[in-house]
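# Structure at a glance
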Amino acid sequence: MIEKIWSGRSWLYIALLPLSALYGLISGLRRLSYKVGLSRSWQAPVPVVVVGNLTAGGNGKTPVVIWLVEQLQQKGYRVGVVSRGYGGKSEHYPLRVTNGVTTAQAGDEPVLIHRRTGAPVAVAPKRADAIKALLTHAAVDIVITDDGLQHYALQRDYEIVVIDGVRRFGNGCWLPAGPMRELAGRLNTVNTIIVNGGTAQAGELPMTLRGESVVNLLTGEMRKVTEIPNGIAMAGIGHPPRFFSTLQQLGADLQATHAFADHQSYDKSQLLALADSEQNLLMTEKDAVKCFEFAQPNWWYLPVYAVLPEDKGQKVLNEIQALMQY
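Residues numbered from 1 in each chain as written. Predicted model: local features only at pLDDT ≥ 70, side-chain atom pairs only at ≥ 80, totals over all residues. Heavy atoms only, no water.

As annotated in an unreviewed UniProt entry, the chain carries the name Tetraacyldisaccharide 4'-kinase and is attributed to Xenorhabdus beddingii. UniProt, in the comment section headed Sequence similarities (unreviewed entry), describes the chain in these words: "Belongs to the LpxK family." (UniProt positions renumbered as here; feature names shortened; annotations may be inferred.)

Using the criterion set out here, one finds 17 salt bridges in the structure. Taking the shortest distance from any N to any O, the salt bridge between E159 and R186 comes out at 2.8 Å. With a gap of 27 residues between them, E159 in strand β6 (residues 158–164) and R186 in the loop between β6 and β7 (192–196) connect regions that are remote in the sequence. Here the two residues E159 and R186 agree in accessibility, since each one is buried. By sharing partners, the salt bridges in this structure join R31, R156, E159, E182 and R186 into a single network. (Salt bridge = Lys/Arg side-chain N within 4 Å of Asp/Glu carboxyl O. Helix = DSSP H or I, 4+ residues; strand = E, 2+ residues; numbered from the N terminus. Buried < 20%, exposed > 50% of the residue type's maximum accessible area, 1.4 Å probe, protein only.)

Split by domain assignment, the chain resolves into domain 1 (1–77 + 141–208 + 308–323) and domain 2 (212–303). Of note, the centres of domain 1 and domain 2, computed from C-alpha atoms alone, are 28 Å apart. (Domains from an automatic or database assignment.)

Attention now moves to the sheet that holds β7. Across the sheet, 9 strands lie side by side as β3-β4-β2-β5-β1-β6-β7-β8-β15; this open sheet has mixed pairing. Each end of this open sheet is capped by a strand with a single partner; those strands are β3 (95–97) and β15 (305–307). If you compare each strand with its neighbour and ignore which way they point, the axes differ by 25° on average. Relative to β7, β6 runs parallel, the two being bridged by 5 bridges. Residue I160 lies in a different strand from β7, and its bridge partner there is T192. Contacts from helix α3 (residues 61–74) reach β1 (48–52), β2 (79–83), β5 (142–146), β6, β7, β8 (205–210) and β15 within the one sheet, and its direction differs from that of β5 by about 165°. (Pairing = 2+ DSSP bridges. Axes fitted to C-alpha atoms, helices over the stretch in contact; angles between N-to-C directions. Contact = heavy atoms within 4.5 Å.)

Right, let's get into the layout of surface pockets. Considered as a void within the structure, the second largest pocket measures approximately 470 Å³ in volume. V101, T102, T103, V111 and V289 are the residues nearest the centre of the second largest pocket, which is lined by 25 residues in total. Those elements giving two or more residues to the lining of the second largest pocket turn out to be α4 (103–106) and α5 (108–117). At 4 residues, the largest contribution of residues to the lining of the second largest pocket is made by α5. Broken down by class, the residue content of the lining of the second largest pocket amounts to 10 nonpolar, 11 polar and 4 charged. (1 Å grid on protein atoms, 1.4 Å probe; cavity = no way out; pocket = protein on both sides within 12 Å on 5 of 7 lines; lining within 4 Å. Points joined across faces, edges and corners; volume = space filled by probe spheres on them. Nonpolar A, V, L, I, M, F, W, Y, C, P; charged D, E, K, R; others polar.)

Dropping the structure here:
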């Protein structure tokens, strides 16, 4: 239902417009208070790059963070990552993500980023606190913040917005009548716009998510998607249909799909009920990081990688590298 409302295919959004106007007023005043100095923002001693979005829901932001971290690491830079840690609940903040920290504590995306890149990651409601924790425990040349475009309490040196190229901005309204955290005009002030799928418009960088092989949660074995019979797909991400479509494009043998809420937590019995011993459960890597402790032999996840045009991707990297020359 929410997708129909946000896409403009349901007139119910009209009833929500007064709440949207209130949301826009509050968020606008909040941003203005930082702009004119009524509220104080913190500037880190190292460059800060924000990777965020204008809409609620999954846009492919985390793969862009991973791409950026890995590209900078390959160039010899020491990269740290901070996050709000949505979906996690820790007894104390800031929380540094280590191998012993669970998704229940830190949230799924910070654990995924740390697991994939090995970069130091810290989580806190106030991202300034997370950055201070990183700098206390690790030598960091630059900080990437996963989400936080609207977190104006933290000053930033470079902003990247990721857009779902298929859904884009829906009906264009603020939450809750539409998907917008900030209106599309905000794009005029960011450094880079990356479009995940669909068709990129002028000034936007096209991106695709590429994944070919699935990984067994229990053994680490890798297989082509086409080698996995009787697949049952599940996804607890911002837009599950994108994952199901990806599997179909890769030639997966799918018998059923199950969509869960973004950042959904799971238990063993819940997932055992989805696929029997003759079937294979296929999930996203974001789901997998929450399931390793009770993984079964027939559970697989699909790692995906952000792919950008080499020349345009290099231009973004050059601009970010320039921040570290001062």
